[in-house]
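Structural overview for review
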Amino acid sequence: MAKIKVVHYINQFFAQVGGEEKADYPAELRIGEAVGPGLAFAANFKDEAEIIATIVCGDSYFNENLEKAKKDILAMVREQAPDVFIAGPAFNAGRYGVACGTIAAAVQEELGIPAVSGMYVENPGADMFKNQIYMVVTKNNAAGMRDAVSKMAPLALKLAKGETVGASVEEGYMPNGTRVNFFDKKRGSERAVQMLLKKLAGKAFETEYPMPNFDRVEPSPPIKDLSHAKIALVTSGGIVPKGNPDHIESSSASRYGEYDITGVSDLTEDTYETAHGGYDPVYANKDADRVLPVDVLRDLEKEGAIGKLHNLFYTTVGNGTSVASAKAFAAEIAAKLKKDGVDAVILTST
Amino acid sequence: MHICTVTPISVTVGANRIVPAIAIPYPLGNPSSEIEEEKAIRRKIVENALEALTIGVDGQRIFE
Amino acid sequence: MRLEMGYIYIKDIQFSGESKIEDGTLYVSEESAKAVALEDEKLKSVSFDIARPGESIRITPVKDVIEPRVKVEGRGGIFPGVISKIDTVGEGKTYALKGMAVVTAGKIVGFQEGIIDMTGPGADYTPFSKTLNLVMVCEAVDGIEPHEYEKAVRLAGLRVAVYIGELARTLTPDETKVYETCTLKEGIEKYPELPRVAYVQMLQSQGLLHDTYVYGVDAKRIVPTILNPTEIMDGAIISGNCVSACDKNPTYVHLNNPVVHDLFEQHGKTLNFVGQIITNENVYLAEKQRSSDWTAKLCKILDLDGVIISQEGFGNPDTDLIMNCKKIEAEGIKTVIITDEYAGRDGKSQSLADADAAADAVITGGNANQVVILPKLNKVIGTLDYVTKIAGASEETLRGDGSLEVELQVITGATNETGFNCLSAR
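On a predicted model such as this, the values are computed, not experimentally measured, just so you know. (Residues numbered from 1 in each chain as written. Chains lettered and ligands numbered in written order. Predicted model: local features only at pLDDT ≥ 70, side-chain atom pairs only at ≥ 80, totals over all residues. Heavy atoms only, no water.)

1. Some details on a positive patch on the surface
Residues K185(A), K186(A), K198(A) and K203(A) make up a contiguous surface patch of positive charge. Mapped onto the secondary structure, K198(A) falls in helix α8 (residues 188-200). (Patch = residues over 30% accessible without salt bridge, like charges linked within 9 Å, V, L, I, M, F, W, Y side chains within 5 Å. Areas by Shrake-Rupley, 256 points an atom, 1.4 Å probe, with all protein chains shown as cover. Salt bridge = Lys/Arg side-chain N within 4 Å of Asp/Glu carboxyl O. Lys, Arg positive; Asp, Glu negative; His and termini not counted. Charge placed at Lys NZ, Arg CZ, Asp CG, Glu CD. Helix = DSSP H or I, 4+ residues; strand = E, 2+ residues; numbered from the N terminus.)

2. Considerations on the interface of chain C and chain B
Counting residues at the interface gives 13 residues for chain C, matched by twelve residues for chain B. Taken as a group, V283(C), Y284(C) and L285(C) account for 50% of the area that chain C buries against chain B, more than any other trio of residues on that side. The interface formed by chain C and chain B contains zero salt bridges. There are three residue pairs in polar contact (both at pLDDT 80 or more) connecting chain C and chain B. Looking at the side of chain C that touches chain B, the elements that each hand over two or more residues are α7 (285-301) and α8 (317-330) of chain C. A per-class count over the side of chain C that touches chain B returns six nonpolar, five polar and two charged. (Contact = heavy atoms within 4.5 Å. Buried area = accessible area lost by both parts, 1.4 Å probe. Polar contact = N/O pair within 3.5 Å; in protein donor to acceptor, adjacent residues only side chain to side chain. Nonpolar A, V, L, I, M, F, W, Y, C, P; charged D, E, K, R; others polar.)

3. Here we look at the sheet that holds strand β2 (residues 28-31) of chain A
All names here are of chain A. On the basis of which strands lie adjacent, the open sheet formed by six strands has the order β2-β3-β1-β4-β5-β6 and mixed pairing. In this open sheet, the two edge strands, each paired with only one partner strand, are β2 and β6 (134-137). The mean angle between the axes of side-by-side strands here comes to 25°, regardless of whether they run parallel or antiparallel. Note: β2 against strand β3 (residues 49-57), four bridges, orientation antiparallel. (Pairing = 2+ DSSP bridges. Axes fitted to C-alpha atoms, helices over the stretch in contact; angles between N-to-C directions.)

4. With respect to the environment of T279(C)
All names here are of chain C. Relative to the assigned elements, T279 resides in strand β18 (residues 272-281). C-alpha separation for the pair T279 and D320, spaced 41 residues apart in sequence, amounts to 9.5 Å. Excluding its chain neighbours within four sequence positions, the residues that come into contact with T279 are V200, Q201, M202, L203, P224, S291, T295 and N324. Within the structure, T279 has its side chain in polar contact with the side chain of T295 (distance 3.4 Å).

5. As for the packing of α7(C) against α8(C)
All names here are of chain C. Where α7 meets α8, the axes come as close as 9 Å, and the angle between the chain directions of the two elements is 35°. Taken as a pair, α7 and α8 cross one another with a handedness that is right-handed. Side by side, α7 and α8 meet where L285, K288, Q289, S291, S292, D293, T295, A296 and C299 of the first sit next to T319, D320, M323, N324, K327 and I328 of the second. The class makeup of the residues in the contact of α7 with α8 is five nonpolar, six polar and four charged. (Left-handed = near helix turned anticlockwise from the far one by under 90°.)

6. Focus on the sheet that holds strand β1 (residues 2-9) of chain C
Residue and element names in this part refer to chain C. Within the open sheet, the four strands sit side by side as β7-β8-β1-β12. Their pairing is mixed. With one partner strand each, in any of the chains shown, β7 (69-73) and β12 (175-180) form the two edges of the open sheet. For this sheet the average axis-to-axis angle between neighbouring strands, irrespective of direction, equals 25°.

7. Looking at the side chain of R196(C)
Residues and elements named next belong to chain C. Following the sequence through the fold, R196 ends up in strand β13 (residues 196-204). D305 provides the closest opposite charge to the buried, salt-bridge-free R196, at an N-O distance of 5.5 Å. Contact partners of R196, with chain neighbours within four places excluded, come to L184, I188, N272, V274, L302, D303, L304, D305 and G306. (Buried < 20%, exposed > 50% of the residue type's maximum accessible area, 1.4 Å probe, protein only.)

8. Some words on the pairing of strand β5 (residues 115-119) of chain A
Consecutive side chains of a regular strand alternate in pointing toward one face of the sheet and then the other. Residues and elements named next belong to chain A. Within β5, five of the five residues are buried, leaving the element largely enclosed by the surrounding structure. On β5, burial covers both faces: A115, S117 and M119 on one face and V116 and G118 on the other are all buried. By the bridge criterion, three bridges tie strand β4 (residues 84-87) to β5 in an arrangement that is parallel. Across the sheet, the residue bridging to F85 is A115, located in β5. With helix α4 (residues 94-111) bridging β4 and the parallel β5, this β-α-β connection has right-handed handedness. As paired elements, β5 and β6 share four bridges and run parallel to each other. In the strand pairing of β6, M119 is matched with V137. With respect to chirality, the unit in which β5 leads through helix α5 (residues 124-129) into the neighbouring parallel β6 is right-handed. (Right-handed = clockwise from strand over helix to strand, strands pointing away.)

9. Quick word on the domain arrangement of chain A
Per the domain assignment, the segments making up chain A are domain 1 (4-171) and domain 2 (226-348). Distance from the C-alpha centre of domain 1 of chain A to the C-alpha centre of domain 2 of chain A: 51 Å. (Domains from an automatic or database assignment.)

10. Quick word on the pairing of strand β9 (residues 100-105) of chain C
Residue and element names in this part refer to chain C. By the criterion of burial, β9 is predominantly enclosed, with six of the six residues buried. Burial along β9 is two-sided: the face carrying M100, V102 and T104 and the face carrying A101, V103 and A105 are both buried. The pairing of strand β6 (residues 57-66) with β9 spans four bridges and is antiparallel. The residue of β9 that forms the bridge with I66 is V102. Pairing geometry for β9 and strand β11 (residues 132-140), over six bridges, is parallel. Following the sheet pairing, T104 is matched in β11 by M136.

11. Things to note about the confidence of the model for chain B
Residues and elements named next belong to chain B. When pLDDT is averaged across chain B, the result is 93; 100% of the residues are at 70 or more. For chain B, the element scoring lowest by mean pLDDT is helix α1 (residues 7-13), at 85; strand β2 (residues 17-20) scores highest, at 96. Predicted complex, confidence summary: ipTM 0.96, pTM 0.87. (pLDDT = per-residue confidence, 0-100.)

12. Some thoughts on the nonpolar core
Membership of the largest hydrophobic core comes to 64 residues, with the highest contact counts inside it found for Y9(A), F45(A), I73(A), V77(A) and F85(A). Y256(A), L297(A), V6(B) and V19(B) belong to the second-largest nonpolar core, a separate cluster that totals 58 residues. (Core = buried A, V, L, I, M, F, W, Y, C linked by side-chain atoms within 4.5 Å.)

13. A short note on the interface of chain C and chain A
Every contact between the two is made by 75 residues of chain C and, on the other side, 53 residues of chain A. Between chain C and chain A lies a buried interface of about 5,100 Å² when both sides are counted; carbon and sulfur atoms form 59% of it. Scanning the region where chain C abuts chain A turns up six salt bridges. The partner of E396(C) in a salt bridge is R255(A), and the shortest N-O contact between them spans 3.5 Å. Joining chain C to chain A, the criterion identifies 33 residue pairs in polar contact (both at pLDDT 80 or more). Of all the secondary structure elements, the ones that give two or more residues to the side of chain C that touches chain A are α2 (121-125), α6 (258-266), β19 (306-310), α8, β20 (334-341), β21 (362-367) and β25 (423-425) of chain C. Here the side of chain C that touches chain A gets six residues from one element, more than from any other, and that element is α6(C).

14. Considerations on the pattern of salt bridges
Summed over all chains, the structure comprises 55 salt bridges over all chains. In this structure, the salt-bridge partner of R298(A) is E301(A), at a minimum N-O distance of 2.9 Å. Taken together, the positions of R298(A) and E301(A), both in helix α10 (residues 294-303) and three residues apart, correspond to about one turn of that helix. Given a relative accessible area of 10%, R298(A) falls into the buried group. Residue classification places E301(A) among the partly exposed residues on the basis of a relative accessible area of 21%. Residue K379(C) is joined to D49(C) by a salt bridge in which the shortest nitrogen-to-oxygen separation is 3.1 Å. Here the residue K379(C) occupies a position in strand β23 (residues 379-382), and D49(C) occupies one in strand β5 (residues 43-51), the gap between them amounting to 330 residues. Residue D49(C) is classed as partly exposed on the basis of its relative accessible area, which comes to 23%. Through salt bridges with shared partners, a single ionic network connects D184(A), R191(A), E208(A) and R426(C).

Rendered as structure tokens:
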């Protein structure tokens, strides 16, 4: 089997070109050479992969000539056509870290070549790029080289071979917003007891799930005149015409439904039901108005309290449905409602 | 405008105008009431929601 | 309170003319077991089958999984208030048949229950691929209401488990373990230096197929209360609960609750295991507030230093979890919470419906939205008729080659939130 081809990016310091006085060293391609940390990678790869070229670039040069440096280096990488690109490790060197992150992300995005880098968690390049490329956690100085290479090298090979990458805690990369399952060595209850003992003793512990931040949106301005307003109904309670014609899933919905209620003044047991699998469906199946209040809004429409009840309602199942799916449904539904001149939406959920 | 039973979730995820509902399986109903009474309960919640839509809010507000 | 647990290891199950346990083999008379199951006139028929670890068998729709036990000394019997007469359990001596389970399956109302694969990738995720399973597929009489059918199957499973457990009454256990907690005063005197820790268990109580029973009481009608942790080992808590299958606690999990067992493991060494507080996850906001208020209050009364809180299910119960965590932390009591995640098939979504900064110590049972391919297996116990409708499946679930593309959600016990498994996520 042919060896996996690797192109490695390092700075002037690790190429032993020089220190700060050589930081303006322009990008240089050294074909067929493994340089500095590249030797450690080569040793770790054994016969499975080889560094076919090393790109050396001064940290100041890269950051001060960002566009040109990026363009030149991308051209070098394209020409070498490696299976995987490695940048760094940069440890706690700020400009080097940003350069590694920038070029690794560009190689991956623009050339479609998987890329990996590594640096200290507090390196500014870490936060900037950890969600774009696999960013291995390293110590804060070059004394951590062996440890960094021992994580980066196998990860690079996995990426090159297109193998499944495990969870951050297994592979040693920084959490990147994508949750990945893995089998821990201990069962959850034992992990919980150990975490509690640490917390009680005031010792450091690491939560398995840091709390998220949720989106915020500006409230829309108030409606001035309800009697002329067009009101629409949207629900995550899974109300659908009897038989669930679009097969909306009982959990983890992959779609939403759009249904016409022109002339419908009451949702009955024979005409509507719920597709939702997360709550006792008996009540909603008996009378879906309990979730989607069409009957009351028709009355209010007749009485003139509202201008009009929109003739379409939108529905999905909130049960176990990911926020990302829900967001995508909402964006489409909102666009349709806007196009139809709807003034306000009543969203009901179960 | 969000009508829901578990208003704390609505607050956490960021709804702006929130109206509390009855219960998760029947946010706008109450199966133990007579049909007419149940519809009156539903109407009250919907009217509350409509009124909330006519009121300006700063950030988030629960319309009890 | 002191409970001695005797473990009897079952190495095989076989059908036979007579029910008995001999040299680690359970022999089951189908006829007698059938008679026990069909004592309830709401059930029309039941068929028994055996599924062993490694066999090419898929069991679905799975409703409950139960470990047979028998109370040989002390007050009460197994499943008090449900199968045995009401009495406070948790002391004396109890035998459990280890390595096996009674599994109930069969057509059920609404959104069908879980899958247990005895081999292949699905088997890695369910704890019940490692047990010898005596499976009972139940069919109801015609025209029965869903609630009644659910109840009939639930009780039939428990009756059969008790029937099997009784076969062990006169045996000598292979292994014995003693579980003992102190009264409040004893505990303070005996372990003055150790942190006082309790287990807060949230019980699913959202309605049909999402219910739990405590001494026969529907958990949605309880206010939070205190149990001696050994009570669950005699079946004080049972499941009426299986949607979504991955993170609901089958009765087997209640009997073997891993938080209780792992806290006992540390009891008297690194901590003083004071007790178990049970609370519910109801559908009214006021009830959520009341229950979390009371849970925090009980923690305070017990003068606790720390608690482990386990959730059951997902979605709106995430709020009960966060409320419990926030209010208990506000009393100055340290918490660790156990949950699971719904982060989307790609793992990129927010995992919980609610969040708070107080929840800084979280154990996760994994992302239930993760997709797995379950290859076609040689034998199905139950039926695949509902496999596209269970929570975690879709219209595309059944693939051309007979394999199933599903989320972990469908697999019984896969992302259990009492920390029953090793599965986690980062």
